[in-house]
Amino acid sequence: MTRTTPLGRVITLILTVLIALWSAVPIAWMILTAFKPQGAIRTNQTVLLFAPTMDNFHNLFFGGNKVGSFLVNSVITAGVSTLIAVVLGCLAGYGMAHWRSRFKSNVAFWVISTRMAPIAAVIVPLFVMFRTAGLVNTLPGLILAYLSFNLPFAIWMMSAFFEQVPKSIEEAALVDGCNKIQAFRSIALPVAMPGVVTTAVLCLVFAWNDYAFSSALGGPGSSTMPMAAGALVTQSGVDWGLLCALGVVVAVPMLFAGLAVRRHLVTGLSLGAVTGE
């Protein structure tokens, strides 16, 4: 085991603090600006002491920006796509983890390779197919678009987590009279629950923060919260109060979701691995 020198510990501490500040300061500034009055925002001076106000949030939702409908669309598309991806990913991942074939590693790589393609490379083919099917500017269309990226990722992740479940536990359940479905529901799924939570959070974050699919396949009736940010940037200028308030609305739910499941998230990320035989 290599011992860390005092100088190494100091350098590690400094780097940790710098990285933490690099990540936290923009978020803190966004939150502060969201609660600032317009007078404190439209000034050349840095204002840190001010009377907090909810005017920016009130104008965001009730000022004719239609952000409320954008929020509903984001909740529906991100929630439904994540739920479907996790359910199908658990079923397919469990089957792949128990599949014994010399082609298993090739199939596993093919599944995850569909997730490796950049979004820009698939936007045009998806748009053509969705336009033909009448799915452009619809919530089901966005849900399918998110599934096209989240489902391969969920299958690959859950296959890795189910590989970690001891086979002896499932075999004991089968000896006791359980069938395969009961063994999956009562034994494998609870043991792999950290992986389920990790997969769900990562899929939810992707769908919630997506801008590319929403801008290309969405429209007035299916715009999501990231699209609202673009709508606030106009030729007349940028209302930083509204924009920062929108940023808080977009970021805070994911922040609380991560904090709520952080124990499962850390455990899941430490257990997952690329499967292959």
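Structure: see above.
Throughout, a residue's number is its position along its own chain's written sequence, starting from 1. Only residues with pLDDT of at least 70 get local features here, since the model is predicted, and only at 80 or more are side-chain atom pairs given and counted; chain-wide, interface and lining totals rely on the full set of residues. As a rule here, side-chain values come from all non-hydrogen atoms in the structure, and water together with hydrogens is ignored.

Caption draft 1: Summary view of the overall build of the protein chain. In DSSP terms, a helix is any run of H or I states spanning at least four residues, a strand is any run of E spanning at least two, and both are numbered starting from the N terminus. Of the regular secondary structure elements, the protein chain holds 14 helices and 2 strands. Once the C-alpha set of the protein chain is aligned to its principal axes, its extents read approximately 70 × 65 × 35 Å. Note on exposure labels: buried denotes an accessible area under 20% of the residue type's maximum, exposed denotes more than 50%, and partly exposed covers the range between, all computed with a 1.4 Å probe on protein chains only. Per-residue burial for the protein chain yields a buried fraction of 36% across its 277 residues. Any two residues having at least one pair of non-hydrogen atoms within 4.5 Å are treated as being in contact. Considering only intrachain contacts with a sequence separation of at least 6, the fraction spanning at least 24 residues in the protein chain is 74%. Looking at the protein chain as shown, the accessible area adds up to about 15,800 Å², and 71% of this sits on carbon and sulfur atoms. Here the open area of atoms and residues is found with the Shrake-Rupley method and a 1.4 Å probe, where only the protein chains shown may cover a residue.

Caption draft 2: Quick peek at the packing of helix H4 (residues 67–97) against helix H9 (residues 180–191). Lines fitted to the C-alpha atoms define the axes, with helices restricted to the stretch that makes contact. Angles between their N-to-C directions range from 0 to 180 degrees. Between H4 and H9, the shortest axis-to-axis distance is 12 Å and the interhelical angle comes to 105°. Here H9 runs roughly perpendicular to H4, going by the angle between their axes. Between H4, through Cys90, Leu91 and Tyr94, and H9, the contact on the second element is made entirely by Lys180, Phe184, Ala188 and Leu189. Angles are sorted into four bins: roughly parallel if under 35 degrees, roughly antiparallel if over 145, roughly perpendicular if 65 to 115, and oblique for all others.

Caption draft 3: Structural detail: the side chain of Thr77. Tracing the backbone shows Thr77 in helix H4. Reaching out from Thr77, the side chain makes a polar contact with the backbone oxygen of Asn73 at a distance of 2.7 Å. A distance of 3.4 Å separates a polar atom in the side chain of Thr77 from the backbone oxygen of Ser74. Apart from the residues within four sequence positions on either side, Thr77 is in contact with Leu139, Leu142, Ile143, Tyr146 and Thr224. Within 3.5 Å is the distance limit for a polar contact, defined as a pair of N or O atoms, with the added protein rule that one can donate a hydrogen and the other accept it, and that residues adjacent in sequence qualify only through two side-chain atoms.

Caption draft 4: Main features of the side chain of Ser223. On the secondary structure map, Ser223 appears in the loop between helix H11 (212–217) and helix H12 (225–231). Residue class for Ser223 comes out buried when judged on its relative accessible area of 8%. If we ignore the near neighbours within four places in the chain, the residues touching Ser223 are Ser69, Phe70, Asn73 and Ser214.

Caption draft 5: Main features of the nonpolar core. If you look at the biggest cluster of nonpolar residues, it comprises 30 residues, and the most contacted ones within it are Leu60, Phe213, Met225 and Leu246. Here the element with the most residues in this core is helix H13 (residues 240–260); it accounts for 9 residues. Filtering out sequence-adjacent residues up to four positions away, Phe213 remains in contact with Ile119, Val122, Ile123, Leu126, Leu142, Ala145, Tyr146, Ser148, Phe149, Phe206 and Gly218. Note on terminology: a nonpolar core comprises buried Ala, Val, Leu, Ile, Met, Phe, Trp, Tyr and Cys residues joined through side-chain atoms within 4.5 Å. One finds Ala85, Phe153, Phe162 and Ala192 within the second-largest nonpolar core, a separate group that totals 21 residues.

Caption draft 6: Expanded view of the packing of aromatic side chains. Ring pairs are drawn from Phe, Tyr and Trp, using the six-membered ring of Trp, whenever the two centres fall within 6.5 Å, and their geometry is named by plane angle: stacked under 30 degrees, edge-to-face over 60, tilted for the rest. Taken as a whole and assessed by the stated rule, the structure comprises 8 aromatic pairs. Between Tyr146 and Phe206, the ring centres sit 6.3 Å apart and the planes meet at 80°, which makes this aromatic pair edge-to-face. You can see Tyr146 sitting in helix H7 (residues 139–163) and its partner Phe206 sitting in helix H10 (residues 193–209), a full 60 residues away along the chain. By the burial criterion, Tyr146 is buried, and Phe206 matches it.

Caption draft 7: Representation of the environment of Arg115. Mapped onto the fold, Arg115 is located in helix H5 (residues 104–116). We classify Arg115 as partly exposed; its relative accessible area is 25%. If sequence neighbours within four positions are ignored, Arg115 has contacts with Phe149, Pro152, Phe153 and Phe206.

Caption draft 8: How the structure looks around the environment of Leu255. Structurally, the position occupied by Leu255 is in helix H13. Judged by relative accessible area, which is 48%, Leu255 ranks as partly exposed. In this structure, the C-alpha to C-alpha distance between Leu255 and Ala121, residues 134 residues apart in sequence, is 30 Å.

Caption draft 9: Focus on the packing of H4 against H7. Where H4 contacts H7, the axes come no closer than 6 Å and their chain directions differ by 35°. When the axes of H4 and H7 are compared, the crossing they make is right-handed. Among the residues making up the contact of H4 with H7, the classes are represented as 20 nonpolar, 7 polar and 1 charged. Two helices that cross are described as forming a left-handed crossing if the nearer one is turned anticlockwise from the farther one by less than a right angle, and a right-handed crossing if clockwise. As a working rule, the residues Ala, Val, Leu, Ile, Met, Phe, Trp, Tyr, Cys and Pro are called nonpolar, Asp, Glu, Lys and Arg charged, and the rest polar, with Gly in that last group.

Caption draft 10: How the structure looks around helix H3 (residues 55–62). Those residues of H3 not exposed but buried are Asn56, Phe57 and Leu60. One side of H3 carries all its buried residues, which in axial view fall inside an arc of 95°. On its buried face, H3 sits against helix H1 (6–34), helix H2 (38–41), H4 and H13. This arc corresponds to the set of directions leading from the helix axis out to the C-beta atoms.

Caption draft 11: Quick peek at the state of the cysteines. When the sulfur atoms of two cysteines come within 2.5 Å, that pair is taken as a disulfide. In this structure the tally under the stated criterion is 0 disulfides. Free cysteine: Cys178, not disulfide-bonded; nearest cysteine sulfur from Cys90 at 18 Å. Accessibility expressed as a relative area gives 27% for Cys178, which makes it partly exposed.

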